[in-house]
Structures are given as C-alpha cells and as structure tokens.
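Each chain, written out:
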Amino acid sequence: MLESPRPRHGEKAIQGLLALCALLSVLTTTAIVLSLLGPTIGFFQFVPAGEFFFGVDWTPQFEPPSYGVLAIVAGTVSVALWGALFAIPVGLGAAVYLSEYAPPRVRKTVKPVLEILAGIPTVAIGFFAASFILPSVVQPLWPGDLHGGAEKPFMALAAALGVGLMMVPIIASISEDAMAAVPHGLRQGAYAMGATRMKVATRVVFPAALSGIVASVVLAISRAAGETMVVLLAAGNTPNFTLWPNEAVQTITAYIATTATGDIATGTPEYDTVFAAGFVLFALTLAMNLMSIRLVRRYREVYE
Amino acid sequence: MERPAVTVRPGEFRNGSAERGKVFELRDVGVDYGGVPAVKEISMDVHRNQVTALIGPSGCGKSTLLRCLNRMNDLIPGAVVHGSLRYHGEDLYGPSVDPVQARKLIGMVFQKPNPFPKSIFDNVAFGPRVQGRKKGLEGIVEAALRRAALWDEVKDRLGDNAFGLSGGQQQRLCIARCIAVEPDTILMDEPCSALDPISTNKIEDLMVELKEEFSIVIVTHNLQQAARVSDRTAFLMVELDADEDNRWGRLVEYDETEKIFTNPADRRTEDYVSGKVG
Amino acid sequence: MEAGGVASERARLASAGARATVAAALGRQPRRDVALNAGFAALLLLAVLIALAGLAALLVQAFVKAAPSLSPDLLTSMPSRINPEEAGFRPAILGSLQLIAGVMLFVVPVGVGAAVYLEEYADKSKWWNRLVEVNIQNLAAVPSIIYGILGLAFIARGPLDLGFVALTGSLTLALLVLPIVIIAGREAIRAVPASIRQGSLALGATRWQTIRRQVLPAAVPGIATGVILAVSRALGEAAPLLLVGATVFITFDPTPFSEFSALPVQIFNYAVQPQEEFKALAAAGIVVMLVVLLAMNSFAIWLRNRYEQRW
C-alpha cells in the first residue's frame, strides 16, 4: 500500500532537463573563454607577448603592423577613468541624499527616474554624447586640443561623460542598497549623541556601507570599460596612447566593433587580433566583476 | 498521591479495553539532524480511531516526532531517522516505500494555517486533482468541507480567494483540504496555537467528530486541550547529556489521557501536568 | 539680610545658571556648523539634480532633433544612404521584432528552467552549484561585445554555423540577457514561502507537481517582470549585433533565416552620417525606441503591481 503505483520516471527526467538549463550558464562561460583562447594562442604565435602587452602603437593594418595593445587599453582606461571621475561624486551624492536626507515622497519619485536612466539604450547615450555633450558642453570649455589644433569631431571626454551618465545609476542604486542595509540602530545611537545628519552620513553610514559602495564603483567601471556604442559615436576610432581627455582615442571595444564586422575572414592575423583584444577586455572585466561580487557578498553577510 | 504498585512502561497498556488496530508502531525511534540527536528511543503504539496527543515542554521534539510519521523529515537536509516505524504493519521507511504515497494516506495540518493562494474550491480540490481526479470534484469538495464544519460558511463563495477567510476558517479549510485526499490518519501540529479561543473550540469539537473516521495524532502545548480532546497522551521531555552540550527529547510516559492527567506514574509527568514545571 | 532672602536669591541664580547651561547644550549650533551642514546637503542635492538634468537633456535633445523627421513614414519606409527624406526604419523595426521574439522563445524556458533547478532541486552546499551561481552573476556583467565575439565564433560560424542571419542574432542576444531572467526568476521563486510547498507535499503531491501547480503560478508576476526587463535590454543592444552581421542596407523585410537589421544598429548607422538630416533621422529612431521601451516597462510595473502576491 505504500509503494508508488507507477515508477516515477517523469520526475527524474524533469530534474535532468532543468539541470541542463542551469548548466548552460557554465557552458556559455566555457564557450566564451574557448572562443577567445584559440585565436589568441594563434595570435601569440606570430606576435611576441612583450610587444603586445607593452607596446604603445596599435596599427595592425599598416605595413609593417604594430601590435602594442596599450594604445587601445589607454583609450578604454581614459574613458572609464574620466567617466568615473564624473559618476562617482554624482552617484554617491545621489545615493547619500536618497538614503539619509530625502523625504519618502522624493525618494519614491527619484529612484524610478534613476532606473529609467539605467534603462536607456547605449546607442541613445552615444548619440547624446556626440551631438550634444561634445559640441555644447565640452568644446566651449575646451576648444580644440592643447596643441592649438581646430575643433575635433571626437573627444574622449565627451564619451567619458556619456559613459559617466550610464555609470551614475549603477553607483547610486547599489550604494544606496548598501547604505539602507546599515542597521538603524547605528544611526540612532549617533543621533542620540548629538551628531548632525552630515556627521551621521559621513562618519557612520558611509564607512559601514563601504564595501558595497566600492563594489558599486568597481562594477560601474567594469561596465564603462565594456561599453561600445558610446565610444564609437563620441570617442573616435584612432588608437592613441594617451590619457588626455581632449584627444580622440580608440577603446578595445571600438577596435573590436569596427574590425570584426561580417566580412572578416577566419584565420587571418587581423581576425586573431580581434580575439586577442577581446581576451584582454574579458580578463580585465572578469577580474573587476569577481572583486565586486565578493565585496557585495561581504556587505550582505555582515548585516544579514 | 498514591503510587500504583506496577509502573506502566511506555508501550504497554494496562487496560483491557476492546482490541484496537494499531496505526503506528514505534520501536526505539530516534531522529538526528546533521548528526545531532533531536529525539531518542521513542517506543509507543498509536491506535486506530483515537486521538493521540503528544505533549511536553518546548524543544522536546514533539513536532520532530510527528514529522516522522508522514515522512516530512525527508525534506530536511541532514535528517536521519533511526529505529523501526511501522504503519499498519508495514515498515514506513522501507526501501520500496514511496513517501509521496505515504503522504496520501497520512495527512498533515500545520501550526500556522497555510492555504494556497487560490480559491477555496481549488484549495480543497488540489489534493484529488494531483492524484489524477478530473470528475466529480464538486462532490468531493462539498463532502470535505462538510466534514470540516466549514461548508455552511463558504458554500456561496467557493470561488473566493482563500486568503480572505479568517484564521479559524483557514485552518478548517486546511483540514478539509486534507480530508479530501481520503487519508486514514491525520497529523496535526499545534493546530490551534495561532487561533482565537472560539475557533479553537470549533476545531477541538471537530477533532472529536473526525476520529470516528480517521486516526488523529496531535501535538499540543495546551494541556487542557490534550485533556479535553485526546484518548491517549504521550509526555516527552528534554534530556541533557553529561556536559549539558546536547539536548534531545525522550518519551517519559504514554497512557490513557485520564490516567496521565489524574494519576500519572512518573513524577516528571505529574510535575508537568500540574504546572509545576513548564 | 534675612536667611529666606539669601536662599531665594541663590535659588534664583542657580536656576538661571541651569537654564543657561541647558540652552547652551540644546540651543542653536554655531553658525559655522550650520553653514557646513547646509552646504553639504546642497551638494548632495546638486548631485541628484545633475543626474536628473542629464536624463532630461538627453530626452529633450532627442525629441528636438527628431522633430523635423517625425512622421509615420518612419515606420514604413526602407532605409537609404542617399535620400534622408525618404528613409525609414521598416526593416530595422521588423528585424528587432523578430529578434526579440526569438529571444523570448529561447530565454523563457531555459531561464525559468535554470531558475527552478537552482532554487528547488540544487543542493546549495555542493561546490558545483555555487560555481553555477558565480557563473551567472559574472555573465550578467560581461561586456556585450564579448557576446558578439561568442556569437561570431560559435553561432554564426564554428559549431552551429548558422551564418549571419536573424536566428544568430536572436541566440546571441538571448545568451546576453539570459542571466537577467535567471536572476529575476530565482528571486520570484524564492519569494514563495516554504509553508506553501510543505502544504502541497503533505497532501501527497510530488516535487514537480508542487513546482508546476503552486510555486510557478505564484512566481509568474516576478518572472514576467524579469522577462520584460530582459527583452528591454535586448531591444536596445547594438554592439553584439554588429559582429554577427546586422547589416543596415537591406531593403526587404527580414525573415529568421535571412540577413537582418535591428533598430539600434540602424540608428547608429544614421547617426554616423555627416548630414544633419540623417542625424535627425537617427534621433527619430531613438524616439521610437524610447517610446517602445517606456511602454514595455510601464507594462512591467503595472503587471507587478496588479499581480504581486502579498503573503
């Protein structure tokens, strides 16, 4: 009477099918690594690692070609850095305001607006950067370049500000979450001792939420490094080993996007450079993402 | 108080009343969670068409023991059940036993009413549907709601969401849901502890009615309830090991309810039921 | 002097002194502190306003630049490299619609399946399950262009070798947004209380019956919200599509196995043309895209509010 009326094969089969779906995520990561690794290894067979990792001239299409990846890494770093310089104060300021100062009604309206900003497609931000930020914001303040040239159609700073605008919601919302996780008891203890709101925000809440805040910044920078459309539209496409924000630069993503379009042939050195550059990008963002994940876990563990 | 000449040991019954079938036979049943014992060496028999109560202070493993009876401990990772537990003579933990099947025969009502976020009708019909029934559901639902003394209150609103019912009604709905599956035993884990006194009374009356058709085992920390409702009562207590690091539950005494409450054999039982210790 | 007079004088002085002390402790802050605090609060508010102003400027500028171009013809005309007056977004819009239909077909079963497995079946203490979790979190943050590389190497060419067709685009985008669905699905499933599962199992339902008949129906609003978020993301992505063959000058309506285009890619292509008219066209495309996204996200919010289960 306690045996099952018929064998429950269906249950096991369903469990297996669902496990396969979950496994797909691991397969995807493996596929990404494999797709990058193969051609990268091929690449390093004809380009010495030293030239790649330490060279500052990235001209694979020229004769003779030069494969110094630092030129495009510099572009990525420039955009991400200047973007962060804009996004960190704005994002953190907004986060502290929403967490410690804003009355509930203001919070209710501002938070969704920030989420809207997070959902704007990057091509729209790129268009905004190229057609508004560049001519109306950056160029009036910084006409031409330092060498006395004419007004430029592309500038790292314009792309950086666009990317920065993208980074603001990431920093603001994760930092705000981290601050909200700080127990009220800590704040109330400080208020009870006569601390002002500013002191509580800067001396109590901010340090307590620090690992979450740092995680948000790292994640935002990782997003900035991986951004393609904004830099294609506003930063230009010439590799330029510089961090000056008023120069046109080419980021890793821009290089990949312009070189790997449809008609490229497998097995050519050019094809391999795309993957080598992609590998560098993947490694950089992977390191930043893992760091950010660990930091988020740490702040969640402390209080939960 | 007079002490009887012969001490009644758990598992043996002195009275010579009419032979009753045994629903559960427990011999040295124990439960560990991740290697740490929660309950040890329980031996007792649960009889058919009776209400059997498990009482004792918090932490003595009453709910753990109850969950053994319908294989719900299987759902807790790291839970291991020792000893022998027979259900109508069959080993409940035998290798060919399907826990899903066992739970169709041994139903459970939980401490906090847990209706599904569906209509009243769908709540009660869930069990039969899951067993494959497609037709005749209206009749089954009505019968179950009547047996649970809830039909009159909900018959005009079977399509309403179950969450709209009061606590006591929700619990009776859970009982109806359980009955619809036609089990032969119903386990109740502190079924009234989340309810008001009036609902509690209704459910206690219900228990006495239901035992004509089902065998009922309840866990309760309400001594008066156990005294009012049950035919037999088992008293469990916490035992500490030598270093006082580990604690587990043990069966102290198991007998007819009247005996437990008026003339218990064990001093500890007497202290508990008279309120000297909580 | 009388003793009473001295005593009352002392009492008066003492209480005046006490009052002054309390007033000093509880009274107004020194002006410098007040200014500092006010300044800080103002800076914070400025930060919020800058963010809001940035968003507002973006939206206003897009609408203003798009104004000369906005007309229903946008949706029905084919693109053109030469003639901005007659150019439109028709194949791009159709392409985007096909792409997201493909994305949904893939992402809903696989994403929900993975979420169900991870929440209901997986033993959370085993290391390989935690590996899967970290994997998903990481994949959610990998740059979108890397997914383009993946699509190029594995789907367009490589093992699947589907070529540069819409299906390839769908699969590439689907892999990109799959983590969003999995993460949202897991949260929705996790929100269903254990008491519901226990109640179901105690009635003799199997694990899958419990999932199918209780857990999933209760989790649907949360899962649907996740799917809509994923689709919004997929709609706006251009970078991966550039690598898997989203061309911009097809002048026919695309099918899953033909060459294809997509709205953000078409916008990009118009945006890089030097003529002002094309830039206006690009802005118009952005307006169309934003309107669609706004509609989708409003629907998601409505869905969540209407069907959210309060336990």
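Owing to the predicted nature of the structure, the values given are computational and were not obtained by experimental measurement.

Caption draft 1: Layout of the overall build of chain A. Secondary structure summary: chain A contains 12 helices and 2 strands in total. Secondary structure of chain A in N-to-C order comes out as α-α-β-β-α-α-α-α-α-α-α-α-α-α. With respect to the three principal axes, the spread of C-alpha positions in chain A is 70 × 70 × 35 Å. Contacts in chain A between residues far apart in sequence, at least 24 positions, make up 70% of those at least 6 positions apart. About 13300 Å² of surface is accessible on chain A, with carbon and sulfur atoms providing 67% of the total. For chain A, the distance from the average site of its 17 positive side-chain charges to the average site of its 18 negative ones is 20 Å.

Caption draft 2: Looking closely at the overall build of chain B. Along its length, chain B carries 10 helices and 10 strands. Taken over the C-alpha trace, chain B has a radius of gyration of 19 Å; the compact-globule value for 278 residues is 19 Å, and the two agree within 12%. Overall, chain B is about 60 × 40 × 40 Å in size when its C-alpha atoms are taken along their principal axes. Within chain B, the fraction of its 278 residues that count as buried is 54%. Carbon and sulfur atoms form 46% of the exposed surface of chain B, whose accessible area is close to 12200 Å². Averaging the positions of the 36 positive and the 42 negative side-chain charges in chain B gives two centres separated by 3 Å.

Caption draft 3: Region of the structure containing unusual backbone geometry. Residue and element names in this part refer to chain B. In this structure, Asp-28 takes a positive phi of about 55 degrees despite not being glycine. Checked against the element boundaries, Asp-28 lands in strand β1 (residues 22–33). Overall, Asp-28 belongs to the partly exposed group, its relative accessible area being 48%. Positioned with a positive phi, Glu-182 is a non-glycine residue whose angle comes to about 55 degrees. Residue classification places Glu-182 among the exposed residues on the basis of a relative accessible area of 59%.

Caption draft 4: Structural view of the interface of chain C and chain B. The interface is formed by 17 residues belonging to chain C together with 21 residues belonging to chain B. Here chain C and chain B share an interface that buries about 1700 Å² over both sides, 67% of which is from carbon and sulfur atoms. Sorting the residues of chain C by area buried against chain B places C:Ala202, C:Leu203 and C:Arg213 first, and these three jointly supply 36% of that buried surface. Summed over the shared surface of chain C and chain B, the result is 3 residue pairs in polar contact (both at pLDDT 80 or more). Looking at the side of chain C that touches chain B, the elements with two or more residues in it are α8 (194–202) and α9 (207–236) of chain C. The biggest single contributor to the side of chain C that touches chain B is α8(C), with 7 residues. Residues that form the side of chain C that touches chain B fall into these classes: 6 nonpolar, 9 polar and 2 charged.

Caption draft 5: Spotlight on the packing of helix α1 (residues 9–46) of chain A against helix α5 (residues 127–139) of chain C. Relative to each other, α1(A) and α5(C) sit at 60 degrees, their axes nearing to 9 Å. Viewed along their axes, α1(A) and α5(C) adopt a mutual orientation that is oblique. With respect to the hand of their crossing, α1(A) and α5(C) are arranged in left-handed fashion. Contacts from A:Ala22, A:Ser25, A:Val26, A:Thr28, A:Thr29 and A:Ile32 of α1(A) reach α5(C) at C:Val132, C:Asn135, C:Ile136 and C:Leu139. Split into classes, the residues belonging to the contact of α1(A) with α5(C) amount to 6 nonpolar, 4 polar and no charged.

Caption draft 6: Just the nonpolar core, in detail. A:Ile256, C:Phe89 and C:Leu241 are the most contacted members of the largest nonpolar core, which has 191 residues in total. With 16 residues, the top contributor of residues to this core is helix α6 (residues 156–180) of chain A. When residues no more than four places from it in sequence are discounted, the contact partners of C:Phe89 are C:Leu74, C:Ser77, C:Leu263, C:Gln266, C:Ile267, C:Tyr270, C:Leu281 and C:Gly285. Within the second largest apolar cluster, 45 residues are counted, among which are B:Ala176, B:Phe214, B:Ile218 and B:Leu223.

Caption draft 7: Seen up close, the packing of aromatic side chains. Taken as a whole and assessed by the stated rule, the structure comprises 23 aromatic pairs over all chains. Plain terms: the ring middles of B:Phe24 and B:Tyr87 are 5.4 Å apart, the flat faces sit at 40 degrees to each other, and that makes the pair tilted. In this pair, B:Phe24 is assigned in strand β1 and B:Tyr87 in strand β4 (residues 79–87), connecting sequence segments 63 residues apart. Taking relative accessible area as the criterion, B:Tyr87 reaches 1% and is therefore assigned buried. For the pair B:Phe235 and B:Tyr272, a centre-to-centre distance of 4.9 Å together with 25 degrees between the ring planes defines the contact as stacked. Note that B:Phe235 is positioned in strand β9 (residues 232–240) and B:Tyr272 in helix α10 (residues 267–273), a separation of 37 residues in sequence. Among the aromatic residues, those joined into a ring-pair cluster are A:Phe43, A:Phe44, A:Phe46, A:Phe52, A:Phe53, A:Trp58, A:Tyr67 and A:Tyr255. Here the guanidinium or amino end of B:Arg71 rests over the ring plane of B:Tyr93, the centre of that ring lying 4.6 Å away. Over the ring of C:Tyr307 we find C:Arg306; its NZ or CZ atom is 4.8 Å from the centre of that ring.

Caption draft 8: Molecular detail of the packing of helix α5 (residues 122–141) of chain A against α6(A). Residue and element names in this part refer to chain A. One can describe the packing of α5 onto α6 by two numbers: an axis separation of 8 Å at closest approach and a directional angle of 130 degrees. The orientation of α5 relative to α6 falls into the category oblique. Relative to α6, the crossing made by α5 is right-handed. Contacts from Thr-122, Ile-125, Phe-128, Ala-129, Ile-133, Leu-134, Val-137 and Val-138 in α5 reach Leu-157, Ala-158, Leu-161, Gly-162, Leu-165 and Met-166 in α6. Across the contact of α5 with α6, the residue classes tally to 12 nonpolar, 2 polar and no charged.

Caption draft 9: Region of interest: the sheet that holds strand β6 (residues 106–109) of chain B. Residue and element names in this part refer to chain B. Across the sheet, which stays open at both edges, the 10 strands sit in the order β5-β4-β1-β2-β10-β9-β3-β8-β7-β6 with mixed pairing between neighbours. In this open sheet, the two edge strands, each paired with only one partner strand, are β5 (90–91) and β6. Pairing geometry for β1 and strand β2 (residues 36–47), over 8 bridges, is antiparallel. Pairing of Val-31 across the sheet is with Val-39, part of β2. Contacts between helix α6 (residues 167–180) and the sheet are confined to β6 and β7 (185–189), with β6 contributing the most and set at about 170 degrees to the helix.

Caption draft 10: Structural context of the pairing of strand β3 (residues 51–55) of chain B. Residue and element names in this part refer to chain B. In terms of residue burial, β3 counts as a mostly covered element, since 5 of its 5 residues are buried. Burial along β3 is two-sided: the residues Val-51, Ala-53 and Ile-55 and Thr-52 and Leu-54 are all buried. Both β3 and strand β8 (residues 215–219) contribute to a ladder of 4 bridges, which runs parallel. The residue of β8 that forms the bridge with Thr-52 is Val-217. Bridge count between β3 and β9: 4 bridges; the pairing is parallel. Within β9, the position partnered with Ala-53 by the bridge is Thr-233.

Caption draft 11: Focus on the side chain of B:Thr220. Residues and elements named next belong to chain B. For Thr-220, the location among the structural elements is in the loop between β8 and α8 (223–229). Take Thr-220: its relative accessible area is 3%, and that puts it in the buried class. Within the structure, the side chain of Thr-220 is placed 3.0 Å from the side chain of Gln-225, a separation counted as a polar contact. Ignoring anything within four residues of it in the chain, the contact list for Thr-220 reads Leu-54, Ile-55, Lys-62, Glu-190, Gln-225 and Ala-226.

Caption draft 12: Seen up close, the interface of chain C and chain A. Contacts between the two partners involve 71 residues from chain C and, on the opposite side, 74 residues from chain A. Note on chain C versus chain A: buried area summed over both sides is about 6100 Å², and carbon and sulfur give 80% of it. Between the two partners, chain C and chain A, sit 0 salt bridges. Linking chain C to chain A there are 7 residue pairs in polar contact (both at pLDDT 80 or more). Broken down by element, the residue count for the side of chain C that touches chain A peaks at 18 residues, all from helix α2 (residues 31–66) of chain C. Of the residues in the side of chain C that touches chain A, the class split is 56 nonpolar, 11 polar and 4 charged.

Cut-off values and rules
Residues numbered from 1 in each chain as written. Chains lettered and ligands numbered in written order. Predicted model: local features only at pLDDT ≥ 70, side-chain atom pairs only at ≥ 80, totals over all residues. Heavy atoms only, no water. Helix = DSSP H or I, 4+ residues; strand = E, 2+ residues; numbered from the N terminus. Contact = heavy atoms within 4.5 Å. Areas by Shrake-Rupley, 256 points an atom, 1.4 Å probe, with all protein chains shown as cover. Lys, Arg positive; Asp, Glu negative; His and termini not counted. Charge placed at Lys NZ, Arg CZ, Asp CG, Glu CD. Rg over C-alpha atoms; globule rule 2.2 N^0.38 Å. Buried < 20%, exposed > 50% of the residue type's maximum accessible area, 1.4 Å probe, protein only. Buried area = accessible area lost by both parts, 1.4 Å probe. Polar contact = N/O pair within 3.5 Å; in protein donor to acceptor, adjacent residues only side chain to side chain. Nonpolar A, V, L, I, M, F, W, Y, C, P; charged D, E, K, R; others polar. Axes fitted to C-alpha atoms, helices over the stretch in contact; angles between N-to-C directions. Parallel < 35°, antiparallel > 145°, perpendicular 65-115°, else oblique. Left-handed = near helix turned anticlockwise from the far one by under 90°. Core = buried A, V, L, I, M, F, W, Y, C linked by side-chain atoms within 4.5 Å. Phe/Tyr/Trp six-rings, centres within 6.5 Å; stacked < 30°, edge-to-face > 60°. Lys NZ or Arg CZ within 6 Å of the ring centre and 35° of its normal. Pairing = 2+ DSSP bridges. Salt bridge = Lys/Arg side-chain N within 4 Å of Asp/Glu carboxyl O.

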